[in-house]
Every structure is written in C-alpha cells, then in structure tokens.
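Listed below are the residues making up each chain.
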Amino acid sequence: QVQLVESGGGLVQAGGSLRLSCAASGRTNSRYSMGWFRQAPGKEREFVAAIRWSAGSTNYADSVKGRFTISRDNAENTVYLQMISLKPEDTGVYYCAGRYGGSWSPLAYEYDYWGQGTQVTVSS
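Here the structure is a predicted model, which means the values were calculated and not measured. (Residues numbered from 1 in each chain as written. Predicted model: local features only at pLDDT ≥ 70, side-chain atom pairs only at ≥ 80, totals over all residues. Heavy atoms only, no water.)

K.L.:
What's the story with the state of the cysteines in this structure? I'm lost.
P.N.:
Among covalent bonds in proteins, the disulfide is the one between the sulfur atoms of two cysteines. For the coordinates displayed, the defined rule picks out 1 disulfide. Across the disulfide from cysteine 22 sits cysteine 96; the S-S distance is 2.0 Å. Classification of the bridge connecting cysteine 22 and cysteine 96 rests on its S-S torsion, roughly -80 degrees, and on that basis the disulfide is left-handed. With cysteine 22 in strand E3 (residues 18-26) and cysteine 96 in strand E9 (residues 92-100), this residue pair connects regions lying 74 residues apart in the sequence. For the pair formed by cysteine 22 and cysteine 96, the shared burial category is buried. (Disulfide = S-S within 2.5 Å. Helix = DSSP H or I, 4+ residues; strand = E, 2+ residues; numbered from the N terminus. Buried < 20%, exposed > 50% of the residue type's maximum accessible area, 1.4 Å probe, protein only.)

Laid out in structure tokens, this is it:
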C-alpha cells in the first residue's frame, strides 16, 4: 500500500518559479519510476516529467523541457519538480504518480498510484 501526497502549489506571476514535492509513504522498493502529470479544466491529463528511481534518469515533455527539473531524495522518499520561467499555460492541477517496474511512461493509465494533486496557477 503506497500513498503519495503533493505539496508546494500556489499562485505565481508569469516568469516566476515554484517547487513541488511528492512524499511517498507505505511499503515501497527501488524498482519503480515516478512521474508528474498536470490537468487543466476540461483537458486530459498531460505528462510533464518522469524519473527512474534507481538510476535517476529523467524524461520531460517538450513543453517543459529546459524549464522544469525532476529529482528525488532517496532518504526522504520524496520526488520534486522544480519549475522556473512559468507560463500561464502551465496552470493546472499537478499530480504525482508512481509506476512499478522501473521504466518510465508518458501514459497516465500505466501508472499504479496517484496523489490527490496540488493546484498551480500562473497569472499573466
């Protein structure tokens, strides 16, 4: 049983920055990957970034490449998403997700565990 809890969302002006955190609790092991997704009202859930927990290798959506950085802290069992140069189109609910097996995926339905989400609003 794994629970994911996101935090760090808020309201920022365009060009600003935020750091999101996702704390995992429950029984876990190192053979999984973690991802961040976002969803705007009326839109489908969109892949943002992923990290293979053991190797630390990362993947990003083209829309955030160069602006967002995903990382993890093994001791705290926490994954982060550092966001800079935020744009209004980055607005949405950001979800942390976990996937067993260790390989990454941009497909939401391939993830096994989800947090409740944290709101990010970027004003112009």
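K.L.:
What should I look at first to understand the pairing of strand E5 (residues 46-52) in this one?
P.N.:
Two faces belong to every sheet, and in a regular strand the side chains alternate between them. Counting buried positions over the 7 residues of E5 gives 5, a clear majority of the element. The pairing of strand E4 (residues 32-39) with E5 spans 6 bridges and is antiparallel. Bridge pairing in E5 links tryptophan 36 to alanine 49. Counted along the chain from E5 to the antiparallel partner strand E6 (residues 58-60), the turn is 5 residues long, and its residue glycine 56 has a positive phi close to 80 degrees. (Pairing = 2+ DSSP bridges.)

K.L.:
Would you explain the sheet that holds strand E7 (residues 68-73) in this entry?
P.N.:
In sheet architecture, strand pairing relies on hydrogen bonds along the backbone and comes in two forms, parallel and antiparallel. One open sheet holds the 4 strands; their spatial order is E1-E3-E8-E7, and the pairing between them is antiparallel. Because the sheet does not close on itself, it has two edges, and the strands there are strand E1 (2-7) and E7. Shown here is a sheet whose adjacent strand axes are inclined to one another by a mean of 15 degrees, direction ignored. As judged from the 6 bridges shared by E3 and strand E8 (residues 78-83), these two strands associate in the antiparallel manner. In the strand pairing of E8, cysteine 22 is matched with valine 79. (Axes fitted to C-alpha atoms, helices over the stretch in contact; angles between N-to-C directions.)

K.L.:
Can you walk me through the packing of aromatic side chains in this structure?
P.N.:
Aromatic ring pairs are described here by two measures, namely the spacing of the ring centres and the angle between the planes. Evaluated as defined, the whole model comprises 8 aromatic pairs. Taking the centre distance of 5.7 Å and the plane angle of 75 degrees together, the rings of phenylalanine 37 and phenylalanine 47 count as edge-to-face. One end of the pair, phenylalanine 37, is in strand E4; the other, phenylalanine 47, is in strand E5, with 10 residues separating them in the sequence. Of the two residues examined, phenylalanine 37 and phenylalanine 47, each falls in the buried class. Measuring from centroid to centroid gives 5.7 Å for phenylalanine 47 and tryptophan 104, while their planes differ by 40 degrees, and the two rings are tilted. Separated by 57 residues along the polypeptide, phenylalanine 47 in strand E5 and tryptophan 104 in the loop between E9 and strand E10 (113-114) bring together distant segments of the chain. What makes phenylalanine 47 buried here is its relative accessible area of 10%. With relative accessibility at 35%, the residue tryptophan 104 sits in the partly exposed group. Over the ring of tyrosine 80 we find arginine 19, and its NZ or CZ is 5.4 Å from the ring centre. A cation over an aromatic ring shows up here: arginine 45 above the ring of tryptophan 114, its NZ or CZ 4.8 Å from the ring centre. (Phe/Tyr/Trp six-rings, centres within 6.5 Å; stacked < 30°, edge-to-face > 60°. Lys NZ or Arg CZ within 6 Å of the ring centre and 35° of its normal.)

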